[in-house]
Amino acid sequence: MTRSDVHLVNRLTYGVRPVDLERVRELGEAGYLDWQLAPEAIPDPEVDAFLERHPVLGADVAGIRRALDDDHADVVKQVLWAKLFRAVSSERQLHEKMVDFWTDHFNVPGPDRVPEKVVDDRDVARAHGLGRFHDLLLASARSPAMLLYLDNASSHRDHPNQNYARELLELHTLGVDGGYTERDVAEVARCFTGWTLREGWRGDMVFDRSMHDEGEKEVLGRRIAAGRGIEDGLEVLDVLATHPSTARFLAFKLCRRFVADDPPPGLVADVAASFRASDGDLRATLRTLFTSNGFRESRGQKLRRPFEAVAAMLRALSPAVEVHDYWAVHYVLELMGHVPYAWFPPDGYPDVAGAWLNANGLLHRWNAAMVLAHAHDGWTDGAVTVDLEAVVPAADTAGDLVDATWRRLLGDPIDAATRATLLTAVGAGGAGQRVTPTARRERLAQLVGLVLASPAFHLT
């Protein structure tokens, strides 16, 4: 297994497992990328079974609302648990990571709009996350969750609401420096008047012509003729989806998510060019990104955000770990400030290390790693169970035990300095010290916790 294999798996998935590395050996890096770029062809039995057990996730808004009336807390738990379960267990890992990327990009907080958010997740990010950006943009514009969150459902020709128009330009397409003006914001708001909901504040998206401003408009220097209806908004989306500033803005964000907090400008330009040449085909765009030298040379430059770190820990310990009570995991994510769907500003959770690297955040990461590793000792009160004996291979010496644990959880061989530190931390007399069954039981949880808390685990 090469370092580039591990790097590719770490960035395309929520964390390395032995089975993922075996797949790369079988397919090669190019084949593995092709496989992950075609999620519709990947069987996903664990997720399928999960969805069968939780049918509310496939219900419409009315059905989800009825379920909330019956047991609000249980529905919320199912929605949040589904996000983590898919991240940990889905075989369609790159698709899950892109769903997460678009969830932040088209952010709609979930707590106040659970029914609409469930449908939004399913019909926007999941349906189009690896498709064409234009289709994704249109799906978001039509989403009841977005129409409610940014107040476009109540936008009327007599008083156009600019919230959606502003975020459409600043956050969803062109970017804050993308070349639009305050007049463009006002004109775009006029174009989207009448994009509302069937029942006012609930139901599906409909176009209400009586609410629409039919006057002539001008957006980004383009004249939009008077006397039209929903075509005004559709034309704006066409213009924005193909605009050079949108290509640059999305390329930068994709490179920031998958390469580095401050990605190489040349790589951003190449990814933007691929986006434009492919008419916004996200698979082609990502292929350019993941096969670039900039990507290959970026190992260790991205910090896992808290949700990603927790998912990676659970994947590293799978299949020997079981979560019996999601709320225990939710509590950890709450302490870290990264509960799914709980970011209320429209820009989505931060995507750079500076937002997460602080004493409090690091402490909770380390605690989570240690508590998870000691789950078999009762540290989680049964909320999570782990069979560490099934995780770490047998080893005759302390050095072998450290090496085997590191390789099993990270996929790479360990460096000499880290090896020496871990040997000291677990109280081994030396690398050659024999490991008795008693010593293994006493040291294994501490060792696993330290590896899961290590910088190498959190910097991919």
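Quick caveat, the model's predicted, so the values are computed rather than measured. (Residues numbered from 1 in each chain as written. Predicted model: local features only at pLDDT ≥ 70, side-chain atom pairs only at ≥ 80, totals over all residues. Heavy atoms only, no water.)

So, the pattern of salt bridges
Okay, so step 1: Considering all chains together, one arrives at 32 salt bridges under this definition.
Okay, so step 2: Where Asp-20 meets Arg-315, a salt bridge forms, and the shortest distance between an N and an O atom there is 2.9 Å. One end of the pair, Asp-20, is in helix α2 (residues 18-36); the other, Arg-315, is in helix α17 (residues 306-317), and 295 residues separate them in sequence. Both residues of the pair, Asp-20 and Arg-315, belong to the buried class.
Okay, so step 3: Its salt-bridge partner being Asp-100, residue Lys-83 comes within 2.9 Å of it at the nearest N-O pair. Of this pair, Lys-83 sits in helix α5 (residues 72-89) while Asp-100 sits in helix α6 (residues 93-105), placing them 17 residues apart in sequence. Summarising the burial analysis for this pair, Lys-83 and Asp-100 share the class buried.
Okay, so step 4: It is possible to trace a salt-bridge network through shared partners that takes in Lys-83, Asp-100, Asp-104, Arg-257, Arg-305, Glu-308 and Asp-351. (Salt bridge = Lys/Arg side-chain N within 4 Å of Asp/Glu carboxyl O. Helix = DSSP H or I, 4+ residues; strand = E, 2+ residues; numbered from the N terminus. Buried < 20%, exposed > 50% of the residue type's maximum accessible area, 1.4 Å probe, protein only.)

A short note on the packing of aromatic side chains
Any two aromatic rings considered together are summarised by their centre-to-centre distance and by the angle between their planes.
Okay, so step 1: Throughout the structure, instances matching the rule amount to 18 aromatic pairs.
Okay, so step 2: Judged by centre distance (6.2 Å) and plane angle (40°), the ring pair of Tyr-349 and Trp-356 falls under tilted.
Okay, so step 3: Here Tyr-349 falls in the buried class, since its relative accessible area comes to 8%.
Okay, so step 4: With relative accessibility at 8%, the residue Trp-356 sits in the buried group.
Okay, so step 5: Site record: aromatic cluster; members linked through ring pairs are Phe-50, Trp-81, Phe-85, Tyr-326 and Trp-327.
Okay, so step 6: Sitting over the ring of Trp-35, Arg-23 keeps its end group 4.2 Å from the ring centre. (Phe/Tyr/Trp six-rings, centres within 6.5 Å; stacked < 30°, edge-to-face > 60°. Lys NZ or Arg CZ within 6 Å of the ring centre and 35° of its normal.)

Thoughts on helix α19 (residues 359-373)
Residues spaced three or four apart along an α-helix face the same direction, because each turn holds 3.6 residues.
Okay, so step 1: Helix length check: α19 (15 residues) gives 21 Å between terminal C-alpha atoms against 21 Å at 1.5 Å per residue, within 8%.
Okay, so step 2: Every buried residue of α19 is accounted for by Gly-361, His-364, Arg-365, Ala-368, Ala-369, Met-370, Leu-372 and Ala-373. (Expected span 1.5 Å × (residues − 1).)

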